[in-house]
Amino acid sequence: MTSVQDLIDRLHDEAAQDRDPETTPDVGIIMGSDSDLPVMEGAYEALDDLGFAEQTDFADAPGARFTYEAYVVSAHRTPELMYAYGETAADRGLDVIVAGAGGKSADLPNMTASIAYPIPVIGVPVQEKSVDSVIGMPTGAPIVAVDAGKSYNAALSAVQLLSRAHPELVERLKAEHESLQGDVAAVSRDLHDLGLDGFRARDEDGD
């Protein structure tokens, strides 16, 4: 059975390996509980849409140039793991962290932002009641945050940060944005050309 200490030891071991940054995860996704996964899956979706691959073995990178990893890290139940994740993030090759947490004491994003500084952390309030906790940082201890539940946007922001050093990501982001624009254009055309009844019938046929 894997213990918290096993995971802490793993993180420190990976940090000591001094691997080529092109073979390590670029984005870290962390969440306070696996119950946050239905919300945080949006971050996976965004990264997958942009051609990132999930890296599940630090020593065996997938073929994609850009990758991400994911862990459950509880600020309250496993604070030592949270500290280890934040402290080793840079040495493990991470460039940005997307951190989600729920409840009124959603401390994982802002605590991780403090520990991993200056690595940017993008906070995701898993619930509306988590917003104040996630964004409540003092001057000099920055965190970027998205609206409640918007982990997809958090991952897009993470890639925007990475794109400043990787022009190929700029092109991927532009293509993603153009795809969204195309979806709106198609809906707008159909609503106008088919009329309300025809538009509704189209949606029913699609079901």
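Not measured: the values here are computed from a predicted model.

1. A word on the nonpolar core
Inference 1: Core analysis: the largest hydrophobic core is formed by 26 residues, its most contacted members being Val-27, Ile-29, Leu-47, Phe-52, Tyr-68, Val-98 and Val-159.
Inference 2: Those elements giving two or more residues to this core turn out to be strand S1 (27-31), helix H2 (37-49), strand S4 (96-101), strand S5 (121-125), helix H6 (151-163) and helix H7 (167-206).
Inference 3: It is H6 that provides the largest number of residues to this core, a total of seven residues.
Inference 4: Setting aside anything within four residues of it in sequence, one finds Tyr-68 in contact with Pro-25, Val-27, Ile-29, Tyr-44, Leu-47, Asp-48, Phe-52, Ala-53, Glu-54 and Gln-55.
Inference 5: Residues Ile-8, Ile-30, Tyr-71 and Ile-97 belong to the second largest nonpolar core, which totals 25 residues.

2. Overview of the sheet that holds S4
Inference 1: In space, the six strands of this open sheet follow the order S2-S3-S1-S4-S5-S6, with parallel pairing throughout. In this open sheet, the two strands that pair with only one neighbour each are strand S2 (53-54) and strand S6 (144-145).
Inference 2: For S1 and strand S3 (residues 67-72), the ladder comprises five bridges, and the chain directions are parallel. Considered in S3, the bridge of Ile-29 is made with Ala-70.
Inference 3: Contacts between H2 and the sheet are confined to S1, S2, S3, S4 and S5, with S1 contributing the most and set at about 170 degrees to the helix.

Parameters and conventions
Residues numbered from 1 in each chain as written. Predicted model: local features only at pLDDT ≥ 70, side-chain atom pairs only at ≥ 80, totals over all residues. Heavy atoms only, no water. Core = buried A, V, L, I, M, F, W, Y, C linked by side-chain atoms within 4.5 Å. Buried < 20%, exposed > 50% of the residue type's maximum accessible area, 1.4 Å probe, protein only. Helix = DSSP H or I, 4+ residues; strand = E, 2+ residues; numbered from the N terminus. Contact = heavy atoms within 4.5 Å. Pairing = 2+ DSSP bridges. Axes fitted to C-alpha atoms, helices over the stretch in contact; angles between N-to-C directions.

Geometric descriptors of this kind do not, in isolation, establish any biological role.
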